[in-house]
Amino acid sequence: MAVVTARPSADTLVWRLFDRALHPDLIDAVGTTHVDAAGGRLTLHVEPAGHMLVWRREDRMLFEVLSDATRTLPDRGLVRRGKLRGTRIDHHDKKAGIRYRASQQIEQVDEEVFAHLHEEMTADLTRATLAHRFGSKNRLAPQPLALLHVEPTADAVTVHGYHTYPQQLSIVRTQTLIEIS
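Residues numbered from 1 in each chain as written. Predicted model: local features only at pLDDT ≥ 70, side-chain atom pairs only at ≥ 80, totals over all residues. Heavy atoms only, no water.

So, on to unusual backbone geometry. Positive phi, normally seen in glycine, also occurs at Ala 38, with a value near 50 degrees. Position of Ala 38 among the secondary structure elements: in the loop between β2 (31-37) and β3 (40-46). (Helix = DSSP H or I, 4+ residues; strand = E, 2+ residues; numbered from the N terminus.)

Pasting the structure below:
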C-alpha cells in the first residue's frame with residue numbers, strides 16, 4: 001500500500017553548503033527559530049524536504065541546505081554539494097577561522113523498526129530546539145517528522161537533525177559542527 005505524505009521522497013535529497021546568504025524568497029520554512037551560538041547567531045529552518053541552517057558572525061556566514069534535488073538554488077557561493085546516499089561526511093575550513101564538519105546518513109529500515117524509531121522521535125518532539133510534524137494524506141500512516149537539536153557553546157555549535165520519510169520507511173540523520181578559532 002502506497003503512503004502519500006506532504007514530504008518529497010527521501011531518494012531525491014541533496015545537501016548543499018554556501019558561504020553566503022540566500023535570498024529570503026528561496027526559504028520555504030514551515031518552522032524557524034534562532035539560537036546564539038559559537039559567537040554568532042544560528043537560524044534554523046525546517047522545510048518540506050529537510051532543513052536550512054544559517055550561521056552568521058559579523059561578516060562570516062555558512063548556509064547549509066538539505067533539500068529536494070529538484071529545488072533550484074543559485075550556484076554563486078556554493079562551496080560543497082552532494083546527493084544523500086548511505087553515509088557521507090563533508091568538511092570545509094574557511095580562512096577566517098571557521099571549521100565546518102557535517103555528516104549525513106540516510107537509512108531505509110523495515111516497517112517494525114521504522115514504527116519504533118518514529119515513536120521515539122515523536123516522544124522527543126517537545127525536547128527538540130525546532131520540530132515539525134507534517135501532514136499525511138493517509139490518516140493511518142505515520143506523519144513525517146523533522147527534529148533539530150542544538151548544542152551551543154562559546155566557540156562551537158552542533159546541530160543534530162532527524163527527518164522521517166514514511167513513504168520510503170527512511171530516516172535521515174544529520175550532524176553539523178561549526179567551530180570558530
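Next up on the list: the pattern of salt bridges. For the structure on display, the rule yields seven salt bridges. Across the pair Arg 99 and Glu 179 runs a salt bridge whose closest N-O atoms are separated by 2.8 Å. With Arg 99 in strand β8 (residues 98-108) and Glu 179 in strand β12 (residues 170-180), the pair connects residues that are 80 residues apart, well separated along the chain. Residue Arg 99 is classed as partly exposed on the basis of its relative accessible area, which comes to 41%. On the basis of relative accessibility, which here comes to 24%, the residue Glu 179 falls in the partly exposed class. Of the charged contacts, one joins Asp 124 and Arg 127 as a salt bridge, the two residues approaching to 3.0 Å between their closest N and O atoms. For Asp 124, a relative accessible area of 18% gives the class buried. By relative accessible area, Arg 127 is classed as exposed at 58%. (Salt bridge = Lys/Arg side-chain N within 4 Å of Asp/Glu carboxyl O. Buried < 20%, exposed > 50% of the residue type's maximum accessible area, 1.4 Å probe, protein only.)

Moving on, we come to the sheet that holds strand β7 (residues 87-94). Ordered in space as β7-β8-β12-β11-β10-β9, the six strands form an open sheet in which the pairing is antiparallel. Lying at the two open borders of the sheet, with one neighbouring strand each, are β7 and β9 (130-133). Along the sheet, successive strands turn relative to each other by an average axial angle of 10 degrees, direction set aside. For strand β10 (residues 145-152) and strand β11 (residues 156-165), the ladder comprises seven bridges, and the chain directions are antiparallel. By the bridge assignment for β11, Leu 148 is matched with Gly 161. The sheet strands contacting helix α1 (residues 111-124) are β9, β10, β11 and β12, and the helix crosses β10 at an angle near 55 degrees. (Pairing = 2+ DSSP bridges. Axes fitted to C-alpha atoms, helices over the stretch in contact; angles between N-to-C directions. Contact = heavy atoms within 4.5 Å.)

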